[in-house]
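# Understanding the architecture of this molecule
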Amino acid sequence: MKPGVYPAKRKNGTTYYRGNITYNGKHISIGSFDSEEECNLAYKEAWDILSSKEITLLSYQNNISHLPFEKVVTLINFRDNRIYIKNPIYLLKNYFVYYIDPSIVLKFDNDDLFYYSSHKIQNRGGHMFVSDYGMQYNILARYGIKPYSVKDRDYKFANGDNTDFRYSNIILVNKYHGVSKEEKRGKVKYVAKIHLNGDFIVGRYSSEAKAAIAYNKAVDLCKSRGMTKKFPTNFVSEYSPREYADIYTEIKISSHLYKFFRNKNFREA
């Protein structure tokens, strides 16, 4: 076998080749390949990266054609920062970047480095998520942003860069489902809406948390009237269970919602 090449067998009995390189005492896998020749060429490219700082993330295309892109990022980061990270991360001053692919580069605070060093970000149609304990989690969840949230309505990127996930750049506008902020004549109200054959206004309230409770109360009313639609509900952390119960009992929701259910022939949205 050529240097850095190790044959292996697939379950169907065919042979493939695994590439490995050792640098600064670290044994690094550089991928699997169909031929010994291709694997060896990738091994040579890995050595080219580690032995010369002339190959950068901006210029690697001129020298690299066999090594997988993720391994290019990993090796350049290891060479420059002396820290091996298996995911395609490159460390910068006070933050790091995560390469989804050569054209999509996400920025994160260093506080998230440990997490993303061990959790691979996947991109499916613009939906960025990680797998954890068999479940898929949108990366926005780490900022308290719910899965159903809409950009520019429920959250914003302060600098307009939707690849910048540093905490200072994430502005949470509406943290609760069915709740939006409304400002008229300098006065701020929080509007609770529920979707029943279209958006139905539950009411307007003085705080976001109270609007969230009103929305939950509207959901409970829908369920009690026999609607089988699955409505998401809000976990309201601002109040203790006792305070929540008191507000829930006292808070008023639109009388039109009760009228809606008086029609026995209502159709579910």
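As the structure is a prediction and not an experimental result, all values here were calculated from the model.

If the charged atoms of two oppositely charged side chains come close together, the side chains can form a pair. A full pass over the atoms with the stated rule returns twelve salt bridges. Note that aspartate 34 and arginine 10 form a salt bridge whose closest N and O atoms lie 2.9 Å from each other. Of this pair, aspartate 34 sits in the loop between β3 (26-33) and α1 (36-51) while arginine 10 sits in the loop between β1 (5-9) and β2 (15-23), and the two are 24 residues apart along the sequence.

Moving on, we get to the sheet that holds strand β8 (residues 127-132). The strand order across the open sheet formed by three strands is β7-β8-β9, and the pairing between neighbours is antiparallel. Since the sheet does not close on itself, it has two edges, and those belong to β7 (122-124) and β9 (135-138), each with one partner. For this sheet, the mean inter-axis angle between neighbouring strands, taken without regard to orientation, is 45°. Two elements, β7 and β8, share three bridges in a ladder whose sense is antiparallel. In the strand pairing of β8, arginine 124 is matched with histidine 127.

Before going further, it helps to examine the packing of aromatic side chains. Considering all chains together, one arrives at 17 aromatic pairs under this definition. Aromatic side chains phenylalanine 69 and tyrosine 99 sit 5.7 Å apart centroid to centroid with 70° between the ring planes, which places their arrangement in the edge-to-face category. On the criterion of sequence distance, the pair formed by phenylalanine 69 in helix α2 (residues 69-81) and tyrosine 99 in strand β5 (residues 95-101) is long-range, its members being 30 residues apart. Across the pair, exposure class does not vary: phenylalanine 69 and tyrosine 99 are buried alike. Ring-pair connections join several aromatic residues into one group, and the members of that group are Phe96, Tyr98, Phe108, Tyr115, Tyr116, Tyr143, Tyr155, Phe157, Phe165 and Tyr167. Positioned above the aromatic ring of tyrosine 95, the side-chain terminus of arginine 166 is 4.4 Å from the ring centre. Lysine 217 extends its terminal NZ or CZ atom over the ring of tyrosine 248, reaching a point 5.6 Å from the ring centre.

Closest axis-to-axis distance for the helix α4 (residues 208-224)/helix α6 (residues 255-262) pair is 11 Å, and the angle between their directions is 15°. Regarding the angle of α4 to α6, the classification is roughly parallel. Taken as a pair, α4 and α6 cross one another with a handedness that is right-handed. The segment α4 lies against α6, with Ala218, Leu221 and Cys222 engaging Leu257, Tyr258 and Phe261. Here the residues of the contact of α4 with α6 sort into six nonpolar, no polar and no charged.

Parameters at a glance
- Residues numbered from 1 in each chain as written.
- Predicted model: local features only at pLDDT ≥ 70, side-chain atom pairs only at ≥ 80, totals over all residues.
- Heavy atoms only, no water.
- Salt bridge = Lys/Arg side-chain N within 4 Å of Asp/Glu carboxyl O.
- Helix = DSSP H or I, 4+ residues; strand = E, 2+ residues; numbered from the N terminus.
- Pairing = 2+ DSSP bridges.
- Axes fitted to C-alpha atoms, helices over the stretch in contact; angles between N-to-C directions.
- Phe/Tyr/Trp six-rings, centres within 6.5 Å; stacked < 30°, edge-to-face > 60°.
- Buried < 20%, exposed > 50% of the residue type's maximum accessible area, 1.4 Å probe, protein only.
- Lys NZ or Arg CZ within 6 Å of the ring centre and 35° of its normal.
- Parallel < 35°, antiparallel > 145°, perpendicular 65-115°, else oblique.
- Left-handed = near helix turned anticlockwise from the far one by under 90°.
- Contact = heavy atoms within 4.5 Å.
- Nonpolar A, V, L, I, M, F, W, Y, C, P; charged D, E, K, R; others polar.

Worth remembering: the numbers are spatial, not functional.
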